[in-house]
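What the coordinates show
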Amino acid sequence: MAPRKIIIDTDPGQDDAVALLLALASPDELEVLAITAVAGNVPLALTTRNARTVCELARISHVPVHAGCDAPLSRRLVTAEHVHGKTGLDGADLPAPTLPLASMGAVEAIVHHVRREPPGTVTLCPLGPLTNVATALRHAPDIAERLGGIVLMGGAYFEVGNVTPAAEFNIYVDPEAAAEVFASGVDLTVLPLDATHKALITPPRLQAIADIGTPVARAVAGWLDFYERFDLEKYGGQGGPLHDPCVIAHLLEPELFSGRRINVEIETVSDLTRGMTVADWWGVTDRCPNAHFVGHVDADAFFRLLTERLARL
Ligand code: RIB
Ligand code: CA
């Protein structure tokens, strides 16, 4: 079977970086047409730099990296250096990338690939704020019909928020963009904190990655050791959640995950609950289901998959 064509929209960040590596390590199943960077965990200049650093670490030079939106549709950018460090990839000392940035902008690249490939064959995988995706849909509404689907990391329901009591970071940063994506009619699969908070980087799981012993594994172990500090201080428990790789793992082995098709709306008005994903998990409204909302992951199997794939790079 031909590999599934994907575009990864991302704000690296250590967990984004691991998601990129997981995808790049799986060429039999996934063809990464493009990586599109967006402002989020750190400003755009750093997310574009970090995406290229990850490609170079994986010794992949054929996947173009495009720069996207440097701020949300209508709000001030909120970043997360307190989680990811000032570079966005703290925890591993890697050289500055030499890979060039693609001349085409990220929004143009998304539209270009979705229009060029046969309808229904390109899946968009947003791992950060949805600004690039919403902008592409605004500029080219026709791509909503042509997209094979959107599989994104964002939102929360039973897990509640991680940046406010109500909202998860990716949705919080650009709630207007999220509202437009969730209303687009595109086939939507959502990996919220409800799932990703079950994918915890426990010490044995971190050690299994470090034991691979390659430069890629050493960088990943350093990133995760740095990145999970914040969540460990905040939540306690056995380890930090590994959010974004859940998106790629869902493409590779969807049977590791479970959820239900429900209606999810985005709060954009209230300052108190801005960015909340109002998920009708119990079907108490007559609002049309618009997303497959994932609530569970088999964490042991997820980390086995991740570790096996990282060892290939
Ligand atoms: O809330 C977690 C999400 O916000 C992840 O995608 C992380 O990389 C940050 O972007
Ligand atoms: Ca991210």
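Residues numbered from 1 in each chain as written. Chains lettered and ligands numbered in written order. Predicted model: local features only at pLDDT ≥ 70, side-chain atom pairs only at ≥ 80, totals over all residues. Heavy atoms only, no water.

**What to know about the site of ligand 1**
The criterion, for reference: Nearness here has a simple test: a residue counts as near a molecule or strand if at least one of its heavy atoms is within 4 Å of that partner. Two N or O atoms count as a polar contact when they lie within 3.5 Å, although within protein this holds only if one can serve as hydrogen donor and the other as acceptor, and sequence-adjacent residues are included solely when both atoms are side-chain atoms. Using the Shrake-Rupley algorithm and a 1.4 Å probe, accessible areas are obtained, with residue cover drawn only from the displayed protein chains. In DSSP terms, a helix is any run of H or I states spanning at least four residues, a strand is any run of E spanning at least two, and both are numbered starting from the N terminus. For this scheme, ten residues count as nonpolar: Ala, Val, Leu, Ile, Met, Phe, Trp, Tyr, Cys and Pro. Four count as charged, namely Asp, Glu, Lys and Arg, and the remainder, Gly too, count as polar.
Around ligand 1 lies a shell formed by Asp-11, Asp-15, Asp-16, Asn-41, Leu-127, Met-153, Asn-162, Glu-168, Phe-169, Asn-170, His-243 and Asp-244. The separation between an oxygen atom of ligand 1 and a polar side-chain atom of Asn-41 is 3.0 Å. In the complex, the protein chains occlude 97% of the 270 Å² of accessible area that ligand 1 would expose alone. Contributing elements (two or more residues each) for the shell around ligand 1: helix H1 (14-24) and helix H7 (169-173). A class-by-class count of the residues in the shell around ligand 1 yields 3 nonpolar, 4 polar and 5 charged.

**Brief notes about the coordination of the calcium ion (ligand 2)**
As a reminder, the rule being used: Distances decide who is a donor: an N, O or S atom must be within 2.8 Å of the metal, or within 3.2 Å for Na, K and Ca. Water is not included, so sites may look incomplete. When accessible area is computed with a 1.4 Å probe and restricted to protein chains, residues below 20% of their type maximum are described as buried, those above 50% as exposed, and intermediate ones as partly exposed.
Note on the calcium ion (ligand 2): its protein donors are Asp-11 (OD), Asp-16 (OD), Asp-16 (OD), Leu-127 (O) and Asp-244 (OD). The metal-donor distances range over 2.2 to 2.6 Å. Mapped onto the sequence, the donors of the calcium ion (ligand 2) take the spacing D-x4-D-x110-L-x116-D. Of this pair, Asp-16 sits in helix H1 while Leu-127 sits in the loop between strand S4 (122-126) and helix H5 (131-139), placing them 111 residues apart in sequence. The same class applies to Asp-16 as to Leu-127, namely buried.

**Considering the environment of Val-264**
In plain terms, the rule: In this analysis, two residues are considered to be in contact whenever any of their non-hydrogen atoms come within 4.5 Å of each other.
Tracing the backbone through its elements, the reader meets Val-264 in strand S10 (residues 264-266). A sequence separation of 82 residues divides Val-264 from Phe-182, and the C-alpha atoms of the two residues are 7.3 Å apart. Once you skip the residues sitting within four places of it in the chain, Val-264 turns out to touch Phe-182, Thr-277, Val-278, Ala-279, Asn-290, Ala-291 and Phe-293.

**Considerations on the pattern of salt bridges**
Note the threshold: Within this document, salt bridges are pairs made up of a side-chain nitrogen of Lys or Arg and a carboxyl oxygen of Asp or Glu, the two lying within 4 Å of each other.
Going through the model one piece at a time under the given rule, you end up with 9 salt bridges. For Asp-142, the salt bridge identified is with Arg-115, shortest N-O distance 2.8 Å. Of this pair, Asp-142 sits in the loop between H5 and helix H6 (143-146) while Arg-115 sits in helix H4 (residues 106-116), and the two are 27 residues apart along the sequence. On the accessibility criterion, Arg-115 (43% relative accessible area) is partly exposed. In this structure, Arg-312 engages Glu-308 in a salt bridge whose closest nitrogen and oxygen atoms are separated by 2.8 Å. Given a relative accessible area of 37%, Glu-308 falls into the partly exposed group. Three or more residues joined by partner-sharing salt bridges are found here, namely Glu-29, Glu-308, Arg-309 and Arg-312.

**Observations concerning the environment of Ala-2**
Along the polypeptide, Ala-2 turns up in the segment before strand S1 (4-10). For Ala-2, a relative accessible area of 61% translates into the label exposed. Placed 243 residues apart in sequence, Ala-2 and Pro-245 show a C-alpha to C-alpha distance of 22 Å.

**A closer look at the nonpolar core**
In a soluble, globular protein the nonpolar side chains are often hidden away together inside. Under the convention used in this document: Residues enter a nonpolar core if they are buried and are Ala, Val, Leu, Ile, Met, Phe, Trp, Tyr or Cys, with the set joined through side-chain atoms within 4.5 Å.
Counting 68 residues, the largest nonpolar core has Leu-21, Trp-223 and Ile-248 as the members making the most contacts within it. If one sorts the elements of this core by residue count, H1 sits on top with 8 residues. Val-133, Ala-140, Leu-147 and Trp-281 belong to the second largest nonpolar core, which has 36 residues in total.

**Things to note about unusual backbone geometry**
In this model, Arg-59 sits at a positive phi of 55°, which is unusual for a non-glycine residue. Mapping Arg-59 onto the fold places it in the loop between helix H2 (44-57) and strand S3 (65-67). The phi angle at Val-160 is positive, at roughly 50°, despite the residue not being glycine. Structurally, Val-160 can be placed in the loop between strand S5 (149-153) and H7.

**As for the sheet that holds strand S2 (residues 30-37)**
For clarity, the cut-off: A strand pair is defined by DSSP finding two or more bridges across the two strands. Helix axes are fitted only over the stretch in contact, all axes being lines through C-alpha atoms; the angle between N-to-C directions runs from 0 to 180 degrees.
Here 8 strands make up an open sheet; going across it, the order is S3-S2-S1-S4-S5-S6-S12-S9 and the pairing mixed. The open sheet has two edge strands, S3 and strand S9 (257-262), and neither has a second partner. In this sheet, adjacent strand axes meet at a mean angle of 25° when their direction is disregarded. As judged from the 3 bridges shared by S2 and S3, these two strands associate in the parallel manner.

That is the geometry; function is a separate question.
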